[in-house]
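# Descriptive structure summary
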Amino acid sequence: MAFWAGGSPSIVDYFPSEDFYRCGYCKNESGSRSNGMWAHSMTVQDYQDLIDRGWRRSGKYVYKPVMNQTCCPQYTIRCQPLQFQPSKSHKKVLKKMLKFLAKGEVPKGSCEDEPMDSTMDDGVAGDFALINKLDIQCDLKTLSDDVKESLESEGKNSKKEEPHELLQSQDSVGEKLGSGEPSHSVKVHTVPKPGKGADLSKPPCRKAKEIRKERKRLKLMQQNPAGELEGFQAQGHPPSLFPPKAKSNQPKSLEDLIFESLPENASHKLEVRVVRSSPPSSQFKATLLESYQVYKRYQMVIHKNSPDTPTESQFTRFLCSSPLEAETPPNGPDCGYGSFHQQYWLDGKIIAVGVIDILPNCVSSVYLYYDPDYSFLSLGVYSALREIAFTRQLHEKTSQLSYYYMGFYIHSCPKMKYKGQYRPSDLLCPETYVWVPIEQCLPSLEHSKYCRFNQDPEAVDEDRSTEPDRLQVFHKRAIMPYGVYKKQQKDPSEEAAVLQYASLVGQKCSERMLLFRN
């Protein structure tokens, strides 16, 4: 088990599906079904592999729909940002934002939005009682200490840790999972290094006025206090991109459309900041209350919740708590891997927050909430385009990080079909776990809610559980392979649950993650 030398393993409690429950999409009172697990901690690589098998997280609860039984099958969808070209409707949203920022123009009439709330709309995420119960059952401190003691006693951490590989590699598992100390300061966007990006001293394709504005903006960025994690500003290109101005006969890039220059006397200023939410950074803590108030208004106006729900603790549990360990490998993005809030600041106040996970291969959109007073800006669409642009920027340093996961695509639910408009995109085959272009999937979905997208009848799940005895179990303060654990068990239902877990997480994850059994 040398793969734990770089940090703590993922630790999960598995809960097999026992019944059907209310569906958050079609409102069927007993139509939805999923299997789930409570993640005490989870590495970003394990979570990447899990979402590539159809799992998604809501807070620390990670679940997988039973696709051939649930009333509204939920197919994992990913967009390919490197090949993405904004559609006509996307361009309209970006132009609308620019007009609002430049001149304060507010479009007439109502504007339907497309919120990127990929997981929180469904019945599992809405079952506060279930997740609260699981949260209370989990004694994180005791469990974490037991795991640490087991790892140390077996010499799993014998390698000397490199100080720069993990943010908090010296901490116990419990300290990592709880309300940790602020993460160390990182600048998400930096001036291009020599040999990368455009040469700012030789801008033949840029007007002098644009150059002066860019220099002024860079100077302001350098004057920021250490520790601020600030993202793009709508007034200019992100420092790491600086794409040349599109020629008149070429379509504008996504970055051209987002970062179009604004007049010096612009009516509004939009700023996007990326702050680590778990463990919470000092910037995240300082803005938590304001962020919660935006979420509360969003739930009251958009989802018609009562004023007393959700509470601040529920908000924290679902949108701030995360099992993902913060990791900052030297070959990763400057901000590191893990869970973040992408805050949209308009004239000094938060108007929207995108909850995202940055993983080894993708940026995964978890949820979006916004101030209903700004619904006319189509912030669901706008934030998705910003997150696609953010993925493209992260890809510049971390080449394998090249996808944008939008959660679940539900063909039978009209309000969730919009995700298929971000092209090119792929859907995950629910049987073989290979990605298939969405254009090839849609004809089948028109005829059946549940479909196997892989057309090869001989194809199988390449990471299926073939050696369940190698699955890792944490039981009675000891780590052991399932082959040893099962000899101590007499309950036949226990074997069925463990084998089901192994089949759902796959062979790789079953050997890396610790399945907690008490």
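As a starting point, this report considers the structure included with it. (Residues numbered from 1 in each chain as written. Predicted model: local features only at pLDDT ≥ 70, side-chain atom pairs only at ≥ 80, totals over all residues. Heavy atoms only, no water.)

On to the overall build of the protein. When its secondary structure is counted, the protein shows 14 helices and 16 strands. Counting over 518 residues, the protein shows a buried share of 55%. In the protein, once contacts between residues fewer than 6 apart in sequence are set aside, the share between residues at least 24 apart is 73%. Summed over all atoms, the accessible surface of the protein reaches about 22,900 Å², with 50% contributed by carbon and sulfur. (Helix = DSSP H or I, 4+ residues; strand = E, 2+ residues; numbered from the N terminus. Buried < 20%, exposed > 50% of the residue type's maximum accessible area, 1.4 Å probe, protein only. Contact = heavy atoms within 4.5 Å. Areas by Shrake-Rupley, 256 points an atom, 1.4 Å probe, with all protein chains shown as cover.)

Glancing now at the nonpolar core. Formed by 103 residues in total, the largest nonpolar core has its most connected members in M37, I358, Y369, Y422, L427, F453 and Y501. The element best represented in this core is helix α11 (residues 379–397), accounting for 9 residues. Excluding its chain neighbours within four sequence positions, the residues that come into contact with F453 are Y75, L427, L428, C429, P430, V436, C441 and L445. Ranked by size, the runner-up nonpolar core spans 7 residues in total, among them C23, C71, C72 and M416. (Core = buried A, V, L, I, M, F, W, Y, C linked by side-chain atoms within 4.5 Å.)

Let us now look at helix α2 (residues 88–103). Along its 16 residues, α2 runs 22 Å from first to last C-alpha, staying within 8% of the 22 Å computed at 1.5 Å per residue. For α2, the complete set of buried residues consists of H90, V93, L94, K96, M97, L98, F100, L101 and A102. The elements touched by buried residues of α2 are α8 (254–258), β7 (270–278), β8 (338–346) and α11. Positive phi appears at G104, one or two residues downstream of α2, with a value of about 75°. (Expected span 1.5 Å × (residues − 1).)

Turning next to the sheet that holds strand β1 (residues 11–15). Reading across the sheet, the 7 strands line up as β3-β4-β2-β1-β16-β14-β15 and stay open at both edges, with mixed pairing between neighbours. Two strands bound the open sheet, and with one partner strand each, they are β3 (56–58) and β15 (478–481). Going from strand to strand, the sheet's axes swing by 35° on average, the running direction of each strand aside. Packing of helix α14 (residues 492–512) onto the sheet brings it into contact with β1, β2 (34–41), β4 (61–65), β14 (472–475) and β16 (514–517), and relative to β16 it is tilted by some 155°. (Pairing = 2+ DSSP bridges. Axes fitted to C-alpha atoms, helices over the stretch in contact; angles between N-to-C directions.)

Right, let's get into the pattern of salt bridges. Counted under the stated rule, the structure contains 18 salt bridges. In this structure, R452 and E431 form a salt bridge, with 3.1 Å as the shortest nitrogen-oxygen distance. Of this pair, R452 sits in the loop between α12 (438–447) and β14 while E431 sits in the loop between β12 (425–428) and β13 (435–437), and the two are 21 residues apart along the sequence. A relative accessible area of 26% places R452 in the partly exposed class. Connected through salt bridges with shared partners, the residues D46, D49 and R512 form a single ionic network. (Salt bridge = Lys/Arg side-chain N within 4 Å of Asp/Glu carboxyl O.)

What follows concerns the packing of aromatic side chains. Centre distance and the angle of the planes are the two values used to describe a pair of aromatic rings. Applying the stated rule across the entire model yields 19 aromatic pairs. For the pair Y61 and Y63, a centre-to-centre distance of 6.3 Å together with 15° between the ring planes defines the contact as stacked. The two residues Y61 and Y63 agree in class, both being buried. Centre to centre, the rings of F100 and F376 are 5.4 Å apart; their planes meet at 70°, and the pair counts as edge-to-face. Here F100, found in helix α2, pairs with F376, found in the loop between β10 (362–370) and α11; they are 276 residues apart in sequence, far enough to count as distant. When sorted by exposure, F100 lands in the same class as F376, which is buried. Feature note: the residues Y292, Y295, Y298, F315, Y367, Y369 and Y370 constitute an aromatic cluster, connected by ring pairs. In this structure, R78 is placed above the aromatic ring of Y403, and the distance from its NZ or CZ to the ring centre is 3.8 Å. (Phe/Tyr/Trp six-rings, centres within 6.5 Å; stacked < 30°, edge-to-face > 60°. Lys NZ or Arg CZ within 6 Å of the ring centre and 35° of its normal.)

Another point: the state of the cysteines. Evaluated as defined, the whole model comprises 0 disulfides. Between C413, a free cysteine, and C72, which holds the nearest cysteine sulfur, the sulfur-to-sulfur gap is 6.4 Å. Of the residues examined, C413 reaches a relative accessible area of 6% and is grouped as buried. (Disulfide = S-S within 2.5 Å.)

Quick look at the side chain of R78 now. With respect to the element layout, R78 can be found in strand β5 (residues 75–79). On the accessibility criterion, R78 (11% relative accessible area) is buried. Discounting residues that sit within four places of it in the chain, R78 has contacts with Y403, Y404, Y405, M406, P424, S425, D426 and W435.

Most of β10 is tucked away: 9 of the 9 residues are buried. Where strand β9 (residues 349–358) meets β10, 7 bridges bridge the pair, whose relative direction is antiparallel. In the sheet register, I356 faces β10, and the bridge partner there is S365. Between the end of β9 and the start of β10, which pair antiparallel, lie 3 residues. Two strands pair when backbone bridges link them, and β10 and strand β11 (residues 403–409) are joined in this way by 3 bridges, in the parallel orientation. Bridge pairing in β11 links V363 to Y404. As for the winding sense of the linkage, the β-α-β connection from β10 through α11 to β11 is right-handed. (Right-handed = clockwise from strand over helix to strand, strands pointing away.)

Orientation of helix α9 (residues 282–301) relative to helix α10 (residues 312–320), taken along the N-to-C sense of each, is 105°, at an axis distance of 11 Å. The pairing of α9 with α10 is recorded here as roughly perpendicular in orientation. Taking contact as the criterion, the partners of F284, L288, L289, S291, Y292 and Y295 in α9 are, on α10, E312, F315, L319 and C320. Taken together, the residues of the contact of α9 with α10 break down into 8 nonpolar, 1 polar and 1 charged. (Parallel < 35°, antiparallel > 145°, perpendicular 65-115°, else oblique. Nonpolar A, V, L, I, M, F, W, Y, C, P; charged D, E, K, R; others polar.)

Here we take up unusual backbone geometry. For the bond from S278 to P279, the omega torsion is -5°, close enough to zero to count as cis. Mapped onto the fold, P279 is located in the loop between β7 and α9. Following T309, the chain continues into P310 via a peptide bond in cis, with omega recorded as -5°. Note on placement: P310 falls in the loop between α9 and α10. A positive phi angle, close to 70°, is found at K27, a residue other than glycine. Relative to the elements of secondary structure, K27 occurs in the loop between β1 and β2. Overall, K27 belongs to the partly exposed group, its relative accessible area being 42%. Even without a glycine there, the phi angle at D347 is positive, about 50°.

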